Amino acid sequence: MSDEEHHFESKADAGASKTYPQQAGSIRKNGYIVIKGRPCKVVEVSTSKTGKHGHAKCHFVAIDIFSQKKLEDIVPSSHNCDVPHVNRTDYQLIDIAEDGFLSLLTENGNTKDDLKLPSDESLLAQIKDGFGEGKDIVLTVMSAMGEEQICALKDIGPK
């Protein structure tokens, strides 16, 4: 044993993994999978029969949950795939800053100021119009693998 001290970088997420393993054969349509390092929602799964030398293969067609790009992957069904931890959180919109950042109210009463307006044109228009009219708007933020993006909004009435 050595006498030297070990120093570890502290992480805010308490060391929680961004993904978890799951057998490829058990991943279904509308589930999530990591393809080429990107969190994706599975839109199509097809499984081929076992060949002369072994494994049945799963062919995944999935859409990146943040960029909406279509990605494909083929994995032996007995192998493990990475599945991202995907969370959805609702925040109330407080303000839109000049630089495009949003000020959001969390459930415990703190503010969250590190989220930009979405690039999706229709969602962007709905947020700006609703905020301009003085409505109370609740934004749904999807987070996975260290990324966050606004994916939906709800109008909960006038202020």
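Residues numbered from 1 in each chain as written. Predicted model: local features only at pLDDT ≥ 70, side-chain atom pairs only at ≥ 80, totals over all residues. Heavy atoms only, no water.

1. Things to note about the pattern of salt bridges
Okay, so step 1: This structure, assessed with the given rule, holds 7 salt bridges.
Okay, so step 2: A salt bridge links Asp114 to Lys112, with the nearest nitrogen and oxygen atoms 3.1 Å apart.
Okay, so step 3: With a shortest N-O distance of 3.1 Å, Lys135 and Glu133 are connected by a salt bridge.
Okay, so step 4: The class for Lys135 is partly exposed, based on a relative accessible area of 30%.
Okay, so step 5: Members of the salt-bridge network, linked through shared partners, are Arg38, Asp64 and Glu147. (Salt bridge = Lys/Arg side-chain N within 4 Å of Asp/Glu carboxyl O. Buried < 20%, exposed > 50% of the residue type's maximum accessible area, 1.4 Å probe, protein only.)

2. Points about the sheet that holds strand β5 (residues 70–76)
Okay, so step 1: Pairing is antiparallel in the open sheet, where 4 strands are placed in the order β2-β3-β4-β5. Two strands lie at the open edges of the sheet, namely β2 (32–35) and β5, each paired on one side alone. Each neighbouring strand pair of the sheet contributes to a mean axis angle of 45°, computed without reference to strand direction.
Okay, so step 2: Here strand β3 (residues 38–47) pairs with strand β4 (residues 57–64) via 7 bridges, running antiparallel. Within β4, the residue paired with Cys40 across the bridge is Asp64. (Pairing = 2+ DSSP bridges. Helix = DSSP H or I, 4+ residues; strand = E, 2+ residues; numbered from the N terminus. Axes fitted to C-alpha atoms, helices over the stretch in contact; angles between N-to-C directions.)

3. Some remarks on the nonpolar core
Okay, so step 1: The biggest cluster of nonpolar side chains holds 14 residues, and the ones touching the most others in it are Leu93, Leu102, Leu104, Ile127, Leu139 and Ile150.
Okay, so step 2: Secondary structure elements with two or more residues in this core: β7 (86–96), β8 (101–105), α1 (121–132) and β10 (135–144).
Okay, so step 3: Excluding its chain neighbours within four sequence positions, the residues that come into contact with Ile127 are Leu93, Ile96, Leu117, Pro118, Ile137, Leu139, Ile150 and Leu153.
Okay, so step 4: Val42, Phe60, Val75 and Cys81 belong to the second-largest nonpolar core, a separate cluster that totals 13 residues. (Core = buried A, V, L, I, M, F, W, Y, C linked by side-chain atoms within 4.5 Å. Contact = heavy atoms within 4.5 Å.)

4. Remarks on the pairing of strand β9 (residues 111–116)
Okay, so step 1: Examined bridge by bridge, β8 and β9 share 4 bridges and lie antiparallel to one another. When the bridges of β9 are listed, Leu104 appears paired with Lys112.
Okay, so step 2: Where β8 folds back on β9, the antiparallel hairpin that results is connected by 5 residues, among which Gly109 adopts a positive phi of roughly 90°.

5. Re unusual backbone geometry
Okay, so step 1: A positive phi is found at Asn30, a non-glycine position, where the angle reads about 70°.
Okay, so step 2: Relative to the helices and strands, Asn30 resides in the loop between β1 (19–23) and β2.
Okay, so step 3: The residue Met145 is not glycine, and still its phi comes out positive at about 55°.
Okay, so step 4: Its place among the elements puts Met145 in the loop between β10 and β11 (147–158).

6. As for the state of the cysteines
Okay, so step 1: Taken as a whole and assessed by the stated rule, the structure comprises 0 disulfides.
Okay, so step 2: Cys81 supplies the cysteine sulfur nearest to Cys58, a cysteine that is in no disulfide, at a spacing of 7.5 Å.
Okay, so step 3: For Cys81, a relative accessible area of 8% gives the class buried. (Disulfide = S-S within 2.5 Å.)

7. Quick look at the environment of Ser103
Okay, so step 1: Relative to the helices and strands, Ser103 is located in strand β8.
Okay, so step 2: In this structure, the C-alpha to C-alpha distance between Ser103 and Leu115, residues 12 residues apart in sequence, is 7.7 Å.
Okay, so step 3: Beyond its immediate chain neighbours, meaning those up to four positions away, Ser103 contacts Gln92, Leu93, Ile94, Asp95, Thr111, Lys112 and Asp113.

8. As for the pairing of β3
Okay, so step 1: Sheet topology places β2 next to β3; 4 bridges connect them, and they run antiparallel. When the sheet's bridge partners are listed, Val34 is paired in β3 with Pro39.
Okay, so step 2: Where β2 folds back on β3, the antiparallel hairpin that results is connected by 2 residues, among which Lys36 adopts a positive phi of roughly 55°.

The analysis is restricted to geometry; functional conclusions fall outside its scope.
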